[in-house]
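# Inside the fold
So you can see what is in the structure, the chains are spelled out below.
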Amino acid sequence: MSDLLRVGTSGLLSYDRALTTVSHNVANAGVDGYSRQRVELSAQVTGSPFGAGVRVVGVERLEDVYANNRLIEDGAGLAANARLADFATRVDTLLSDSNSGLSGSINAFFQAAQDVSASPNSLAAREVLLGSARDLTTRASTLNSQLARLDNEIDQRAVATVAEANEILESLARVNRDIAASAGPANDLRDERDRLTRQLSEKIGINTTLQDGDQLNVYTRDGHALLLGADVRPLALREDPERGSRLQLTVGQGPGAIPLPTPTNGELGGLFSARTQVIDPTRERLGALTANLARAVNDVQTAATDLNGQPGQPLFQLGNPVAVPNANNDGTASVDVSFGPDGKVPDSALTLRFSSGSWQLQSQEGGALPLSGSGTPGDPFRAGALSIVVSGAPSEGDRFSLKPGSDAVAGMQPNNLGARGIAAAGALSPSLPPTNTGDFSVRSVESIDPTNPGARTAASIEFLGPTSYQIDGGPVQSLNPDGVITGAGWQLTLEGSPAAGDRIDLAPTTADSGSNAGARALAALAESPVTGGGDTPSGGYAELVAAGGVTARQAESARDAFQRLQSADLAAREATSGVNLDEEAANLLRLQQAYQASARIIATADELFQTLLGAVRR
């Protein structure tokens, strides 16, 4: 009879715990990250041939370790690509939108130049051209400022993300301590730890290991410990000595801080990828495009003559590039950078490095740019439009960072020339004496070297026949089949066939001449290769917009792919760990019946005992 009572009691206690566990599952069915639990029962083993009842072996937490690991990995990839796609899409919209992009301003500028070419003495047309130049400058500067604000937003988000990651690390350390102090399986704490681990992976890609079976250790992707049991090693951000004002991720702070490689996963990885893949390249390419266009316009202006009969002045001013020294430089070298008269502004950030006894210039993408010159004031280094003068004594490995495009557009502004200051006329105006007998005309006179005094000096071309000529009585020269005649700083193109004794007189253009040679040259820049890649202004900007669109679509595609992977991972986890309410309801009925049956066993034992007592009393 005592065995019967013991068996019933063991069943009653065991099924009570099982019912409590099922009820716990039902109550947490809607809790994110909750793992279904199940009571493991086992027969009590004794020497009795009739059995001794049931016992609770433990409460099992149902989990798919591999699905959980995939959730951590794919969550980090999704967070990175979602953040990258966000910034790439915003930049793409900024560049392509008609209200914020540069395309409309470029087209309006060249349309205004064509209008001046059609009416070179019209002050109204010249005012429109000046207005379009101001609008082009304002739009380019605004775009650069908006990109700079996005760059600042990346820093602000990075600081906030690091703070959130450190809070999660502290929470994980607390959970590790609670699990270590727990006498039971601590299943709910393990669910909390898994949830926090997934949240941390969405901030920065991590690797994890279990120590002694229950203590979670967390490492960065390159192996630096962030959490060892309950010991937290917090993340921090500091100014990157390699890249000036850029932020660098570290483990710890102060002199003992350990610098980490730039993360590529998690939200931090997406932020830094947005900077290196989207913001920085766009700023440099936009700056280089605008600067090269401005330099081409200035070259046309200074080679032409304004309405007052004076040499034209530059229409635009550009900001000077700045060489930022690396914080770890050991030498005393300093670098002064400016824009020279020739060449194209590079469309990438650059690094000037002293290595093996010589200076080397490298683009952000890793390509080497050839340097000419010696780097002295009289013979500066030349790389495209850059003129670089180095002074002081460098040490091996000293580096300087340059951002010529963004620096140029940041300081860009139009010069206040006034309407009459637009150089719409050519530097030299041709005239044909009425005594000429040949059948020819002058198509154009261009200034090819404004620095040559001859570009604005009167000259006379006398033809000795249809194919030969002299300039100012100089040596006899043969006329090219294309009709091009080159003088001191100028180039003339004629059409037709001159006769012996014919002459062309060139004289400096005077005020209010009505010449449109300068305006025609300015309008022709719309179809000229002004960028470093040989594109027209509109073509170069269209290529920049297209590149931004491709980056945005690629990031969105990667984001969507990781979203699908995460959905599959969640489905796999739910298949094992998720709570099925129908199944739990069936378990409740089954366990309730078992509980009631166990209670009935106890009642039966009591009845038998009472019967025995009654028999004894009689």
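The sections below set out a description of the structure shown in this document. Computed from a predicted structure; not experimentally measured.

## Here we look at the pattern of salt bridges
By the definition in use, this model includes 29 salt bridges. We note a salt bridge from Glu60 to Arg38, for which the minimum N-O separation is 2.9 Å. Of this pair, Glu60 sits in strand 2 (residues 54-61) while Arg38 sits in strand 1 (residues 37-43), placing them 22 residues apart in sequence. Of the residues examined, Arg38 reaches a relative accessible area of 40% and is grouped as partly exposed. We note a salt bridge from Arg195 to Glu192, for which the minimum N-O separation is 2.6 Å. Pair noted here: Arg195 and Glu192 are both in helix 5 (residues 187-203), with a separation of three residues, about one helical turn. Judged by relative accessible area, Glu192 falls into the partly exposed class, the value being 24%. Linked through salt bridges whose partners overlap, the residues forming this network are Arg83, Asp86, Arg90, Glu153, Arg157, Glu164, Lys203 and Glu267.

## Observations concerning the sheet that holds strand 16 (residues 368-369)
Sheet architecture is open: five strands sit in the order 12-19-14-15-16, paired in antiparallel fashion. Of all the strands in the sheet, the pair left with one neighbour each is strand 12 (323-325) and strand 16. Summarising the sheet, strand 14 (residues 350-355) and strand 19 (residues 399-402) pair through four bridges and their orientation is antiparallel. Bridge pairing in strand 19 links Thr351 to Ser401.

## Concerning the side chain of Ser406
For Ser406, the position within the fold is in helix 7 (residues 404-410). Taking relative accessible area as the criterion, Ser406 reaches 5% and is therefore assigned buried. Apart from residues lying up to four places away in sequence, Ser406 is in contact with Asn144, Arg283, Glu284 and Gly287.

## A look at the packing of aromatic side chains
This model, assessed by the stated rule, comprises six aromatic pairs. Relative to Phe316, the ring of Phe109 lies with its centre 6.2 Å away and its plane at 50 degrees, an arrangement referred to as tilted. Of this pair, Phe109 sits in helix 3 (residues 103-118) while Phe316 sits in strand 11 (residues 316-317); the two residues are 207 residues apart in sequence, bridging distant segments of the chain. A single burial state applies to Phe109 and to Phe316, both of which are buried. Among the aromatic side chains, those forming a connected cluster through ring pairs are Phe109, Phe110 and Phe316. Sitting over the ring of Phe87, Arg90 keeps its end group 5.0 Å from the ring centre.

Cut-offs used in this document
Note on numbering: residues in each chain are counted from 1, in written sequence order. In keeping with the predicted nature of the model, local features appear solely for residues at pLDDT of at least 70, side-chain atom pairs appear and are counted solely at 80 or more, and the whole-chain, interface and lining totals rest on all residues. The side-chain values count all of the structure's non-hydrogen atoms but skip hydrogen atoms and water molecules. Any carboxyl oxygen of Asp or Glu within 4 Å of a side-chain nitrogen of Lys or Arg constitutes a salt bridge here. Per the convention used, a helix needs a DSSP run of H or I reaching at least four residues, while a strand needs a run of E reaching at least two, with both numbered from the N terminus. Only protein chains enter the accessibility calculation, which uses a 1.4 Å probe. A residue is then buried if its area is under 20% of the maximum for its type, exposed if over 50%, and partly exposed in between. Paired strands are those between which DSSP finds at least two bridges. Throughout, a residue-residue contact means that at least one pair of heavy atoms, one from each residue, lies within 4.5 Å. Aromatic contacts are taken between Phe, Tyr and Trp rings whose centres are within 6.5 Å, Trp giving its six-membered ring; a plane angle under 30 degrees counts as stacked, one over 60 as edge-to-face, and the others as tilted. Geometrically, a charge over a ring is one whose NZ (Lys) or CZ (Arg) sits within 6 Å of the ring centre while staying within 35 degrees of the ring normal.

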